[in-house]
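Architecture at a glance
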Amino acid sequence: MDDADLEKLSIKPGSLTPKFHVNTTEYSATLPCDVEKLTVNCLTSDSNASYQILGSGGERTLPLKEGEVTIIKIEVSAEDGTTKLYQIHAKRLAARDASLTDIKVSSGSLMPEFSCDVLQYVCVVPSSTSAIKVTPAIPDKKTGVKVCGSEPGSEVGLNIGETGIDIEVTSADATNKQVYTVSVIRNWFSQAVTFIDPKQAKKFECPITLAPLYRPVSVSGSDPKHIFSEPIIDELTKTSKQDPLDATPLDVEWKVPERALDKEISSAIVQCLYSYLGCESKIKFADLGSHAKECASKPKTDVEIPGDTATCGDCSRKVLQGETDWHQANMCTSKHTSREIKHSIKDHSWEKKLYQSGGSGSEIEAKKQIELYRKSLPKQGQAGRIEGGKSPLDYLHTAALNLALTVKQSPKQASLHFQLGLVLEEQYYAQDMYGYKPEEEDVGQGLASLSLDAKESSKEDDIQAICVQRGAGSNAPLARQLQAIDEEYKYLLDSGQSGKADYVQTLYIWKSKQALQDGRAAQAASDQETPLGQAYLKYLDALSLDQNNALYNVHVGRLLLLQGKPEEALTRLQLAVGIKPALTVARFYLGLALAQQKGGPGSRSKEAITYLHDGLVYLLESASVRAEAGLDSSVDITLHSEDLWRTTNIQLFRGCVTLATLLRKSPQDKKMSAQNVFHSAALLAAQNLCTLVSRGDTYQSMEWILLDCHSHLLEMLQQKEPGNTSWIAQRCQQLTAMIRCSTLPQSIEILQLQEKTCQKGVMAQPTSSQTLCQLGNSQLAMYDNDSSSDVGKKALIDARLSYRASIAQEGKPSVGGELPEQLKDQAWWQDKIKEEEAKKAATEKAKAPAAAAAATKTAAGKAPAARGRGAPARGAAAATRGTAAATKGAAAPARGAARGAARGGTAAKGPARGGAATRGGAAAKPGPQAKTPSKASPSSNANKVTTPAKVNGTAPAKSPQPQQEKPTDTGKQTAAVPSNAPLNRITYPARLGLARALVREAKDTSESQVLYNDVIVMAPQIHDAYIELADLLVKDEPLKAVDVYDRFPFPEESSFDDAYLHGEVVRLLMKREQFDDARLEKHMISWGRVMGIGCLEKYVEILDSKFKTKLLMSVYAGVNRKTVDDPDMQAFFKFKMWL
Ligand SMILES: [Zn+2]
Ligand SMILES: [Zn+2]
């Protein structure tokens, strides 16, 4: 009746784009210049409907004009008169057009779809695709076309990352040329590779992934070039627009593609992935993927390990060949029978709430809901918030509801308990990885017990409240938060409120666990109130009903591991492997459990390595398969806990790191090298960071893995090539950068890693200003974390020395040369030297006893007391302002919340700012701001930068630094300067750091003031220098603080960061009642423009009461970007009675 659809629509000659679909009403077609007429064929879907081609006079064949687009309108009329319009934009090319009618690719597909007017395309192909054939369709035989300069038809070799393929088209009349470009992108190769030439390994290494650069891009203006893999640098700069390596602010157009490098990397020669299994092929990196697919040495992997088996005489199970002893010793099910699980199924209160809603559940309905859930998950790059409509969590909740009801109906059916467990666990991942939050209203309906966040946030809220009350502010570093909780605890005890004190103590324990790597997941897994803890109980229920189910044992075992109970986990996992000796996942977890036993795997080390290695091989193969298919396919697969081999499973990574650590100690034949395992784990973790939607627990765990791998690889490099100091220094810089960029909360663990890494960097290049400055930053951060302890106090002294050393080295060679005195005065350095000398002495004793004795003597002369490096006692940190880079409205945790030196200052005040320069990373190159001259008139000492000598001269003689360099008495400490050694540049970060280090625990701030002024001259756009300098002045001379703020070279339009300075000027001038200060108007206007007029309200009131109406009118007009004479403004002023 009302059916006005077409069933078919086609043209002759040519074809439609897109392909015909009943609901698509707009099409286009490109036709050669010799096509004068076009015939349209239609078929209505209802035989009683009719159609007409508008304006054709009933003809189906229409004339086309050369070089023009003809719009063909087809109106379909249904029986009841309903009409529908289909349109074809048919372009007949002219002889002068240099256009194509189509482009075909032999792999992947074009994005966007081909259209003759679109010249740029992207085509994503599997990572193993090493060549592609691009076939352009030409409109006319006379049209000339070349693909990459050759006749079309042959294959084009692809780079490992991105390859630009140019299709040059010459019009039929040879008057015009046009170039279409197809960027072919290969999926990211997901395994570590070994270059034959070690120099290339260093040159091609991405500083973050430590794998070959993938789609390399450099930061414009960096020198030497800072080059990164594009996806990871995109991820790292998502919320913080800084060069990860040196914290330099990035320009808008900072990214420079390095295609030539991509090509160079692609043609470098690498070893086969399976060289450890005997393949000796040496292949171009670009061809590695296709070789690996076909390689004869490729290991066979599956969910169960393929291979020859023997039968156990006792339990008659099939055991892998060569593993009978292992089986007999711990796993044989007929020998080891005392593994009954003592657990009775209880009605959990949270479970009751699930089925209380009544009705009858069904497994089929649960499956349907799970399917809906999968489909509703965001694709990569989409945010986790759902605007209206159903949240994926709702589907999971309904699925859980259905399963809970079926469990109630058939409580003896183990598989139902198990499935409920899987769904509950998925709730944890959905919240953590995709950032879904349970709806408020659901909480009221009994979802509260299912909601991880609801429970955690109440604890978290309480902690934040305590922190604010105790002056730590919200978002304080972890150590400071712990200190505040501790203070509250003591206060409650003292005032006799022991009940409350007990609760606060639980908060302390809860919070302190967050400092550990597995912190939050481990908490969740052992907490009944969270989905993860509930899942564990359901797995346990299932297991108690079916104790000989290998899979149930695996799931209980892996969650026990997560809870930090490796002994109990071992029992479960040994049983799992006993039941199914070849089950890869059971073996992998058993390996992990063995390695996590107190004291390590001991005599079972080889066993653990075998299990973990089997798992790793399977993991890498699965990852390769994914790289073949494309990253987006992750959405279509099973629930997370149904497929434990997904790379989002953090325990897989723990297993890899554990395996590599074991392999370091005892390398094995036919197994990957420790180094390769670390590299592969780092790469996979980095790839995960790029794909995770939400920055939750999983994200941070991946960051830990990446840091772990970096740190192990650094140690291995030091051991293997101690002489390669430039590479070691480079790796130290990279790891320091990673720590600074990570979203991990500050903890003693991470601070120690940072300090240790910086020390290694200085050991490798002790005369580099940059490494010395970074060391200073790490020491200052140690002090700020725990300023009252001895460790903290020493760290502050060392920090000052490191910064002074950094400044003293400026202008001198960064490699080789004389050691800075300020370094030699540091206790840790003397310890290291002593250690080294002792080692050398031991090994060279026989050869050169005299030299060794001399060296020992030198070191002994300066031997300091050994320094404690253990974790400092609870809390105690100086509350510094703005340490929390509370970003404006960013949902994700801010990167690098002042892991470097934090600002000097006292208690938190004013709005928290995301300080761009809080990090104070050694910016070796001047940022764009350094070129901008300061607008404000320089004060007397601002014209020239204080030289190191002057700094030393004005230094309060507090720290035991020598005033001048003394000639060293030992030739040992002077290394030869290579002829090409670059000179250390003069930069601001060390001065900023020193200024901060001097402000801590100092009464005389004169040297700090000089240094802050230097920083302002050197880098006029670093907000922190102004703020911190003003802080020093504000107490005694508030108007001088105003002068400082006013020196800032404010841009035409102030940013959020600038607004803080405006606000401070206004606040200070108003407080001192400087109503006639000309600067007041300017700053009120700029402040109001950024923050909104509301922020001025209370000042407006004051000014109004003082009859400063002229000023007020100018401010209102200024904020509204209007003149005072503007009619609207005038009306407003009259209303205000200012006129
Ligand atoms: Zn091979
Ligand atoms: Zn047996």
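Please refer to the structure higher up on the page.
As the structure is a prediction and not an experimental result, all values here were calculated from the model. (Residues numbered from 1 in each chain as written. Chains lettered and ligands numbered in written order. Predicted model: local features only at pLDDT ≥ 70, side-chain atom pairs only at ≥ 80, totals over all residues. Heavy atoms only, no water.)

Notes on the overall build of the chain
Broken down by element type, the chain carries 40 helices and 24 strands. In the chain, buried positions account for 54% of the 1139 residues. Across the chain, every contact between residues at least 6 apart in sequence was considered, and the portion connecting residues at least 24 apart equals 67%. (Helix = DSSP H or I, 4+ residues; strand = E, 2+ residues; numbered from the N terminus. Buried < 20%, exposed > 50% of the residue type's maximum accessible area, 1.4 Å probe, protein only. Contact = heavy atoms within 4.5 Å.)

Side note on the coordination of the zinc ion (ligand 2)
Around the zinc ion (ligand 2), the protein supplies C312 (SG), C315 (SG), H327 (NE2) and C332 (SG) as donor atoms, at distances of 2.1 to 2.3 Å. Taken in sequence order, the residues that donate to the zinc ion (ligand 2) follow the motif C-x2-C-x11-H-x4-C. Of this pair, C312 sits in the loop between β21 (309-311) and β22 (318-320) while H327 sits in helix α5 (residues 324-331), and the two are 15 residues apart along the sequence. The two residues C312 and H327 agree in class, both being buried. (Donors = N, O, S within 2.8 Å, 3.2 Å for Na, K, Ca; no water.)

Let's talk about the coordination of the zinc ion (ligand 1)
The protein atoms that coordinate the zinc ion (ligand 1) are C272 (SG), C279 (SG), H291 (NE2) and C295 (SG), at distances of 2.1 to 2.3 Å. Coordination geometry of the zinc ion (ligand 1): the four donor atoms subtend angles of 99 to 117° at the metal centre, consistent with an arrangement described as tetrahedral. On the primary sequence, the residues serving as donors to the zinc ion (ligand 1) are separated as C-x6-C-x11-H-x3-C. (Tetrahedral: all angles 85-135°; square planar, octahedral: opposite > 155°, others 65-115°.)

With respect to empty space enclosed by the protein
One pass over the full model with this rule turns up 16 cavities of 30 Å³ or more. Lining the second largest cavity are 23 residues, with Y428, Y429, T648, N649 and I650 positioned closest to its centre. Within the residue set of the lining of the second largest cavity, elements represented by two or more residues are α9 (414-434), α16 (550-562), α20 (650-665) and α22 (697-720). Partitioning the lining of the second largest cavity into residue classes produces nine nonpolar, seven polar and seven charged. (1 Å grid on protein atoms, 1.4 Å probe; cavity = no way out; pocket = protein on both sides within 12 Å on 5 of 7 lines; lining within 4 Å. Points joined across faces, edges and corners; volume = space filled by probe spheres on them. Nonpolar A, V, L, I, M, F, W, Y, C, P; charged D, E, K, R; others polar.)

Section: the packing of aromatic side chains
Evaluation of the coordinates by the stated rule reveals 24 aromatic pairs. Here Y1026 and F1048 contribute two aromatic rings whose centre-to-centre distance is 5.0 Å and whose plane-to-plane angle is 75°, an arrangement assigned as edge-to-face. In this pair, Y1026 is assigned in helix α34 (residues 1023-1034) and F1048 in the loop between α35 (1038-1046) and α36 (1056-1071), connecting sequence segments 22 residues apart. For Y1026, a relative accessible area of 0% puts it in the buried group. A connected cluster of aromatic rings, assembled from ring pairs, spans F189, F195, F204 and F285. (Phe/Tyr/Trp six-rings, centres within 6.5 Å; stacked < 30°, edge-to-face > 60°.)

Quick word on the sheet that holds strand β5 (residues 61-63)
Two pairing modes exist for strands in a sheet, parallel and antiparallel, and in both the strands are linked by backbone hydrogen bonds. A sheet is described by the order of its strands in space; here three strands give the open sequence β1-β3-β5, paired in antiparallel fashion. Since the sheet does not close on itself, it has two edges, and those belong to β1 (6-12) and β5, each with one partner. In this sheet, adjacent strand axes meet at a mean angle of 25° when their direction is disregarded. Both β1 and strand β3 (residues 37-44) contribute to a ladder of six bridges, which runs antiparallel. Of the residues in β3, the one forming a bridge with L6 is T44. (Pairing = 2+ DSSP bridges. Axes fitted to C-alpha atoms, helices over the stretch in contact; angles between N-to-C directions.)

Section: the pairing of strand β12 (residues 144-147)
Burial along β12 is one-sided: V145 and V147 are buried, and none of G144 and K146, which face the opposite way, are. Bridge analysis of β12 against strand β14 (residues 162-170) gives four bridges, and the strand direction is antiparallel. Looking across to β14, one finds that V147 is bridged to I167.

A closer look at the packing of helix α33 (residues 1006-1018) against α34
Running from N to C, α33 and α34 point in directions that differ by 155°, and their axes come no closer than 9 Å. In terms of their interaxial angle, α33 and α34 are classed as roughly antiparallel. Of the two possible hands of crossing, α33 and α34 adopt the one that is left-handed. Between α33, through S1008, Q1009, Y1012, N1013, V1015 and I1016, and α34, the contact on the second element is made entirely by A1025, Y1026, E1028, L1029, L1032 and L1033. (Parallel < 35°, antiparallel > 145°, perpendicular 65-115°, else oblique. Left-handed = near helix turned anticlockwise from the far one by under 90°.)

Observations regarding the environment of Q754
The residue Q754 is located in helix α24 (residues 748-764) in this model. In the structure, Q754 is positioned 28 residues away from M782 in sequence and 9.3 Å away in space, judged by C-alpha atoms.

A few points about the environment of Q759
Among the structural elements, Q759 can be located in helix α24. On a C-alpha basis, the gap between Q759 and S778 in space is 9.2 Å, while along the polypeptide they are 19 residues apart.

So, helix α28 (residues 827-844)
Taking 1.5 Å as the rise per residue, α28 with 18 residues should run 26 Å; its terminal C-alpha atoms sit 25 Å apart, in good agreement. Residues of α28 that are buried include every one of A827, W828, W829, Q830, I833, E837 and A841, and no others. (Expected span 1.5 Å × (residues − 1).)

What to know about the nonpolar core
Judged by nonpolar contacts, the single largest core of 162 residues is most densely connected at F285, Y589 and L707. Sorting elements by how many residues they give to this core places α9 first, with 12 residues. Split by domain, this core shows at least three residues from each of two domains, domain 3 (198-294) and domain 5 (547-627 + 643-722). Leaving out residues up to four positions away in the same chain, Y589 has contacts with V554, R558, L561, L573, L644, N649 and Q651. Listed in part, the 66 residues of the second largest apolar core include L994, L1096, M1113 and W1138. (Core = buried A, V, L, I, M, F, W, Y, C linked by side-chain atoms within 4.5 Å. Domains from an automatic or database assignment.)

Section: the pairing of strand β16 (residues 216-219)
Burial along β16 is two-sided: the face carrying P216 and S218 and the face carrying V217 and V219 are both buried. Pairing of β16 with strand β17 (residues 227-229) involves three bridges; the strand directions are antiparallel. Its bridge partner lying in β17, P216 is registered against S229. Relative to strand β18 (residues 255-257), β16 runs antiparallel, the two sharing three bridges. Residue pairing in the sheet places S218 in a bridge with V256 of β18.

A short note on the packing of α34 against α36
α36 packs onto α34 with a crossing angle of 20° between their chain directions and a minimal axis gap of 10 Å. Considering their axes alone, α34 and α36 lie roughly parallel with respect to each other. Between α34 and α36 lies a crossing of left-handed hand. Here H1023, I1027 and V1034 of α34 lie close against α36, whose contacting residues are D1057, D1058, Y1060, L1061 and L1068. Across the contact of α34 with α36, the residue classes break down as five nonpolar, one polar and two charged.

What to know about the sheet that holds strand β10 (residues 120-125)
Spatial ordering of the open sheet is given by β9-β10-β15-β14-β12, a layout of five strands whose pairing is mixed. Pairing within the sheet leaves two strands with one partner each, and these edge strands are β9 (110-111) and β12.

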